[in-house]
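# Summary of the model geometry
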Amino acid sequence: MRVVIADDSVLLREGLSRLLAEAGIETVASVGDGQALEIAVAEHRPDLALIDIRMPPTFTHEGALAATRLRAAWPEMGILLLSQSIESRYALELAPLHPTGFGYLLKDRVLNVGMLVDTVERVAGGGTVLDPDIIAHFLNRHAGRERLSELTAREREVLALLAQGRSNAAVARQLVLTEKTVESHIASIFSKLQLLAEPDDHRRVLAVRAWLDT
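A brief look at the structure comes next. Residue positions are counted from 1 within each chain, in the order its sequence is given. Residue-level local features of this predicted model are given only where pLDDT is at least 70; pairs of side-chain atoms are given and counted only at 80 or more, and the full residue set underlies all totals for whole chains, interfaces and linings. Values shown for side chains rest on all heavy atoms present in the structure; no hydrogens or waters enter the calculation.

### A short note on the nonpolar core
- With 25 residues, the main nonpolar core has Leu 37, Ile 51, Leu 70, Ile 79, Leu 81 and Tyr 104 as its most contacted residues.
- The biggest single contributor to this core is helix H3 (residues 62-73), with four residues.
- Pairs of residues are marked as contacts when any of their non-hydrogen atoms sit within 4.5 Å. Those residues within four positions of Leu 70 in sequence are excluded, and the remaining contacts are Leu 37, Glu 38, Val 41, Ile 51, Pro 75, Met 77 and Ile 79.
- Residues Ile 5, Leu 16, Leu 116 and Val 120 belong to the second largest nonpolar core, which totals 17 residues. Put simply, a nonpolar core is a bunch of buried Ala, Val, Leu, Ile, Met, Phe, Trp, Tyr and Cys residues held in one set by side-chain atoms that sit within 4.5 Å of each other. Only protein chains enter the accessibility calculation, which uses a 1.4 Å probe; a residue whose area is less than 20% of its type maximum is buried, one above 50% is exposed, and one in between is partly exposed. Secondary structure elements are defined from DSSP: runs of H or I of at least 4 residues count as helices, runs of E of at least 2 residues count as strands, and each element is numbered from the N terminus.

Here you go:
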């Protein structure tokens with residue numbers, strides 16, 4: 001797998017590159033701003049771009065805007081956003097419109113090498129992975145929305161774990177349930193969100209999109 005890393009911190013870029021290299025993931029370019037990122041992607045055609053939301057010159061949302069342009073130009077490339085804090089205004093504009101091949105992690109999570117590598121592989125493979133703290137934020141923020149109001153508390157927990165890219169077996173382990181019970185909850189979620197007659201993998205993405213969509 002080949003990735004491009006975009007972050008204004010040289011130390012973080014080098015650290016991420018080393019961590020990924022240990023897992024056999026090649027960093028083909030490491031840049032410090034959005035313009036250099038777009039040039040690097042066009043040149044190297046990576047499988048995934050890791051992008052800091054706040055980059056020069058204003059350190060507000062340049063990374064998120066660059067990610068939006070990259071998604072339009074290279075829709076098959078995975079996008080993994082990194083942020084010091086929850087940046088809901090810009091960062092999650094990508095998720096409702098293009099939920100596949102998208103991830104969003106808080107930077108604290110990259111210290112967990114296993115989670116970082118797992119996230120990179122899932123997103124590059126077309127999955128959707130969101131930081132647990134971001135999921136909690138949006139579940140709380142949208143708790144009263146009509147489309148989600150019919151979900152039970154347990155179904156919300158299952159949906160949150162689906163948003164992290166978890167398999168049925170992983171959800172079962174996390175919630176101390178049987179896989180059959182998890183399958184039942186997922187079927188209920190699909191039904192209540194009116195996600196019918198689609199392949200299950202696609203419906204999982206649409207279910208995540210349902211509560212991200214504003």
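### Digging into the packing of helix H2 (residues 34-44) against H3
- Orientation is described by lines fitted to C-alpha atoms, with helices fitted over the stretch in contact, and by angles between N-to-C directions that extend from 0 to 180 degrees. Contact geometry for H2 and H3: axes closest at 9 Å, N-to-C directions at 20 degrees. The pairing of H2 with H3 is recorded here as roughly parallel in orientation. For H2 against H3, the interelement crossing comes out right-handed. For the pair H2 and H3, the contacting residues are Gly 34, Leu 37, Glu 38 and Val 41 in the first and Ala 66, Arg 69 and Leu 70 in the second.
- The residue inventory of the contact of H2 with H3, partitioned by class, reads four nonpolar, one polar and two charged. Relative orientations are named as follows: roughly parallel for angles under 35 degrees, roughly antiparallel for angles over 145 degrees, roughly perpendicular for angles from 65 to 115 degrees, and oblique for any other angle. Rotating anticlockwise by less than a right angle from the far helix to the near helix defines a left-handed crossing, while the corresponding clockwise rotation defines a right-handed one. Three residue categories are used. Nonpolar comprises Ala, Val, Leu, Ile, Met, Phe, Trp, Tyr, Cys and Pro, charged comprises Asp, Glu, Lys and Arg, and polar comprises the others, including Gly.

### Concerning the pattern of salt bridges
- Should a side-chain nitrogen of Lys or Arg be within 4 Å of a carboxyl oxygen of Asp or Glu, the pair is scored as a salt bridge. Counted according to the given criterion, the structure contains seven salt bridges.
- Where salt bridges share partners, they join Asp 7, Asp 52 and Lys 107 into one cluster.

### Observations regarding the sheet that holds strand E3 (residues 48-52)
- Read across the sheet, six strands follow the order E2-E1-E3-E4-E5-E6 without closing on themselves; strand pairing throughout is parallel. Looking at which strands have only one partner, the edges of the open sheet turn out to be strand E2 (26-31) and strand E6 (128-130). For this sheet, the mean inter-axis angle between neighbouring strands, taken without regard to orientation, is 15 degrees.
- Two strands make a pair as long as DSSP finds a minimum of two bridges between them. Here five bridges tie strand E1 (residues 2-6) to E2, and the two strands are oriented parallel to one another. Its bridge partner lying in E2, Arg 2 is registered against Glu 26.
- Of the strands in this sheet, E1, E2, E3 and strand E4 (78-83) touch helix H1 (residues 10-22), which is tilted by about 160 degrees from E1.

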